[in-house]
Amino acid sequence: SQQGEEDPQALSIQEGENATMNCSYKTSINNLQWYRQNSGRGLVHLILIRSNEREKHSGRLRVTLDTSKKSSSLLITASRAADTASYFCATDSTNDMRFGAGTRLTVKP
Amino acid sequence: DAGVIQSPRHEVTEMGQEVTLRCKPISGHDYLFWYRQTMMRGLELLIYFNNNVPIDDSGMPEDRFSAKMPNASFSTLKIQPSEPRDSAVYFCASTLGGRNQPQHFGDGTRLSIL
């Protein structure tokens, strides 16, 4: 079973708009990671946020973590057609590391 | 730098046949993971190794599945006998320093069992 649950399942926006994806989880975590997967390819690591961090930035990506709500969000600013992909959160807890079901993002040119 | 290399990229075989998937991790990485991805179940961790030793194989679905890592630069996932429900994309990933570190994925093997 999956630990992280992303929402929405699918998101369609216009190029230039911001995209926000959310991840909720059930158990305490050590860290949370976000990955991107382009069609027919493997997952690519985007960003890791530790349980004692609240926000991290990497280029156009902004990740927040709220451990009290057991949730994280990934914001992609000024989206591009090349951002079209599936995005997954992965939660690391004491017992295991699990991936969510993903959000399918489509950015229309 | 070469990433994680998986072979074959595609495999189509008949039910009952033995299937062997191969993975070459990034040089120097000490953790290797095998995953299965399907629409229904998402990305599932099957097994992972640390320094060539299997650490957790609780995700291996059945005895028909086996994985080996004879050395630091090669791993196999074998299914014998294969069944149609094994059809999926199988990914190998590697990382350095811990299970919870960023993982580097190969491009997967798309397996179809007829």
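The coordinates are above.
Note that this is a predicted model, so its numbers are computed, not measured.

Peer 1: What's the story with the nonpolar core in this structure? I'm lost.
Peer 2: As a rule of thumb, nonpolar side chains are buried together in soluble globular proteins. Ranked by size, the top nonpolar core spans 22 residues in total, and within it Leu 32, Trp 34, Leu 74, Ile 76, Tyr 87 and Leu 105 of chain A carry the most contacts. Those elements that provide at least two residues to this core are strand 2 (10-14), strand 3 (19-24), strand 4 (31-37), strand 5 (43-50), strand 7 (61-66), strand 8 (71-76), strand 9 (85-92) and strand 11 (103-108) of chain A. Counting residues in each nonpolar core, the second largest holds 21 residues, with Ile 47, Met 69, Tyr 90 and Leu 111 of chain B among its members.

Peer 1: Can you help me understand the interface of chain A and chain B in this one?
Peer 2: By a frequent convention, interface size equals the accessible area lost on bringing the separate parts together. With 19 residues of chain A at the interface, the matching set in chain B holds 15 residues. Taking both sides of the interface into account, the surface hidden between chain A and chain B amounts to around 1400 Å²; carbon and sulfur atoms contribute 45%. In terms of surface lost to chain B, no three residues of chain A exceed Leu 43, Met 97 and Phe 99 of chain A, which account for 32% of the buried area on that side. The tally of links between chain A and chain B comes to two salt bridges. Between Arg 41 of chain A and Asp 107 of chain B there is a salt bridge, with the nearest N and O atoms lying 3.0 Å from each other. Elements that contribute at least two residues to the side of chain A that touches chain B include exactly strand 4, strand 5, strand 9 and strand 10 (97-99) of chain A.

Peer 1: So what exactly am I meant to see when it comes to the sheet that holds strand 1 (residues 5-7) of chain B here?
Peer 2: In a beta sheet, neighbouring strands pair by backbone hydrogen bonds and run either parallel or antiparallel. Residues and elements named next belong to chain B. The strand order across the open sheet formed by four strands is 1-3-8-7, and the pairing between neighbours is antiparallel. Only two strands of the sheet have a single neighbouring strand rather than two, namely strand 1 and strand 7 (65-71). Shown here is a sheet whose adjacent strand axes are inclined to one another by a mean of 15 degrees, direction ignored. For strand 7 and strand 8 (residues 74-79), the ladder comprises five bridges, and the chain directions are antiparallel. Bridge pairing links Phe 65 to Ile 79 in strand 8.

Peer 1: I would appreciate a short explanation of the state of the cysteines in the present structure.
Peer 2: Each disulfide is one covalent bond, formed between the sulfur atoms of two cysteines. Residue and element names in this part refer to chain A. The final tally for this structure, using the stated rule, is two disulfides over all chains. Across the disulfide, Cys 23 is cross-linked to Cys 89 (sulfur-sulfur distance 2.0 Å). Between Cys 23 and Cys 89 the sulfur-sulfur dihedral comes to about 65 degrees; the bridge is accordingly right-handed. Placement of the pair is Cys 23 in strand 3 and Cys 89 in strand 9, with a sequence separation of 66 residues.

Peer 1: When you look at the pattern of salt bridges in this model, what are you seeing that I'm missing?
Peer 2: Any two side chains of opposite charge can pair, on the condition that their charged atoms come close. All names here are of chain B. Under the defined criterion, the tally for this structure stands at 13 salt bridges over all chains. One salt bridge in this structure joins Glu 18 and Lys 78, with 3.9 Å as the shortest N-O distance. Within this pair, whereas Glu 18 is found in the loop between strand 2 (10-13) and strand 3 (19-24), its partner Lys 78 is found in strand 8, the two being separated by 60 residues in sequence. According to the relative accessible area criterion, Glu 18 is partly exposed, its value standing at 44%. Arg 85 is paired through a salt bridge with Glu 62; the nearest N and O atoms lie 2.8 Å apart. Taken as a pair, Arg 85 in the loop between strand 8 and strand 9 (88-95) and Glu 62 in the loop between strand 6 (53-56) and strand 7 lie far apart in primary sequence, 23 residues in all. Members of the salt-bridge network, linked through shared partners, are Glu 62, Arg 64, Glu 83, Arg 85 and Asp 86.

The rules we used
Counting restarts for each chain, with residues numbered from 1 along the sequence as it is written. Here the convention is simple: chains get letters from A, ligands get numbers from 1, in the order in which they are written. Residue-level local features of this predicted model are given only where pLDDT is at least 70; pairs of side-chain atoms are given and counted only at 80 or more, and the full residue set underlies all totals for whole chains, interfaces and linings. The side-chain quantities take in all heavy atoms of the structure and omit both hydrogens and water. In these notes, a set of buried Ala, Val, Leu, Ile, Met, Phe, Trp, Tyr and Cys residues joined through side-chain atoms within 4.5 Å is what counts as a nonpolar core. Accessible area is worked out with a 1.4 Å probe on protein chains only. A residue is then buried under 20% of its type maximum, exposed over 50%, and partly exposed in between. Under the scheme used here, helices are H or I runs from DSSP no shorter than 4 residues and strands are E runs no shorter than 2 residues, and both carry numbers assigned from the N terminus. Residue contacts follow a heavy-atom distance rule, with two residues in contact if any of their heavy atoms lie within 4.5 Å. Buried area: the sum, over both parts, of the accessible surface (1.4 Å probe) that disappears when the two are put together. In the sections that follow, a salt bridge refers to a side-chain nitrogen of Lys or Arg positioned within 4 Å of a carboxyl oxygen of Asp or Glu. Any two strands are treated as partners once DSSP identifies two or more bridges connecting them. The convention used is that axes are lines fitted to C-alpha atoms, helices contributing only their stretch in contact, and that angles between N-to-C directions extend from 0 to 180 degrees. Two cysteine sulfur atoms make up a disulfide if the distance between them is within 2.5 Å.

These figures capture arrangement, not role.
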